Amino acid sequence: MYTKRILIIDDEETIQTVVQFGIKMTAGWEVFTASSGLEGIQTAQMEKPDVILLDVMMPDMDGIATFKELQSHSETEQIPVILLTAKAQTAEKRQFNDLGVSGVITKPFNSLDLPEQITRILHW
């Protein structure tokens, strides 16, 4: 059976750890982490994950800028991106959907439910 490969781009180490733990424990998927937009882009180019979970609020290069950069590279433009955000107002959700992301998961979330949410969003 093919194991899904997930890349988490989030500047908060605790979020990385919680998400990684939840996904590995409930789904057994392979998880990569990156602490910045730039590191995330480099990891995505090297590892070619099946999906990227991308934090919106990050210093230097935020999630939106990171997403746009991922879209500009042929190696990463086809990788689905799901935003992780505490911003869940209707206008913000519309803005995220207009960008072309695959989905939005609102913080706080239960990390044990993430594989099910990802599967539903991406129709796996």
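Above: the structure in question.
Since this is a predicted model, take the numbers as computed values, not measurements.

*Asks:* Let's hear about the side chain of Gln16: which residues, and what values?
*Replies:* With respect to the helices and strands, the residue Gln16 is situated in helix 1 (residues 13-27). When near neighbours in sequence (up to four residues on either side) are disregarded, Gln16 contacts Ile8, Asp10, Thr33, Ala34 and Ser35.

*Asks:* How would you summarise the packing of helix 2 (residues 37-47) against helix 3 (residues 63-71) if you had to cite specific residues and measurements?
*Replies:* Following both chains from N to C, one finds helix 2 and helix 3 inclined at 30°, their axes separated by 9 Å at the closest point. In terms of orientation, helix 2 and helix 3 fall into the roughly parallel class. As for how helix 2 packs across helix 3, the hand of that crossing is right-handed. Residues Gly37, Ile41 and Ala44 of helix 2 lie in contact with helix 3, whose contacting residues are Thr66, Glu69 and Leu70. Here the residues of the contact of helix 2 with helix 3 sort into three nonpolar, two polar and one charged.

*Asks:* Just give me the short version of the pairing of strand 4 (residues 81-85), but keep the residues and values in it.
*Replies:* Counted residue by residue, strand 4 has five buried out of five residues, so it is predominantly covered. Burial along strand 4 is two-sided: Val81, Leu83 and Thr85 facing one way and Ile82 and Leu84 facing the other are all buried. The pairing of strand 3 (residues 51-55) with strand 4 spans four bridges and is parallel. What sits directly across from Leu53, in strand 4, is Ile82. Taken together, strand 3, helix 3 and strand 4 constitute a β-α-β crossover, and its handedness is right-handed. Since strand 4 and strand 5 (residues 103-106) lie parallel, the crossover through helix 4 (residues 90-99) that links them has a hand, and here it is right-handed.

*Asks:* Describe the pattern of salt bridges, and please don't skip the residues or the numbers.
*Replies:* On inspection of all chains with the given rule, the structure shows four salt bridges. A salt bridge links Glu47 to Arg5; the nearest nitrogen and oxygen atoms lie 3.0 Å apart. Note that Glu47 is positioned in helix 2 and Arg5 in strand 1 (residues 5-9), a separation of 42 residues in sequence. Residue class for Glu47 comes out partly exposed when judged on its relative accessible area of 25%. Put simply, Asp10 and Lys107 hold a salt bridge, and the shortest N to O gap is 3.4 Å. Here Lys107 lies in the loop between strand 5 and helix 5 (114-122) and Asp10 lies in the loop between strand 1 and helix 1, a separation of 97 residues in the sequence. Residue classification places Asp10 among the buried residues on the basis of a relative accessible area of 0%.

Parameters and conventions
- Residues numbered from 1 in each chain as written.
- Predicted model: local features only at pLDDT ≥ 70, side-chain atom pairs only at ≥ 80, totals over all residues.
- Heavy atoms only, no water.
- Helix = DSSP H or I, 4+ residues; strand = E, 2+ residues; numbered from the N terminus.
- Contact = heavy atoms within 4.5 Å.
- Axes fitted to C-alpha atoms, helices over the stretch in contact; angles between N-to-C directions.
- Parallel < 35°, antiparallel > 145°, perpendicular 65-115°, else oblique.
- Left-handed = near helix turned anticlockwise from the far one by under 90°.
- Nonpolar A, V, L, I, M, F, W, Y, C, P; charged D, E, K, R; others polar.
- Buried < 20%, exposed > 50% of the residue type's maximum accessible area, 1.4 Å probe, protein only.
- Pairing = 2+ DSSP bridges.
- Right-handed = clockwise from strand over helix to strand, strands pointing away.
- Salt bridge = Lys/Arg side-chain N within 4 Å of Asp/Glu carboxyl O.

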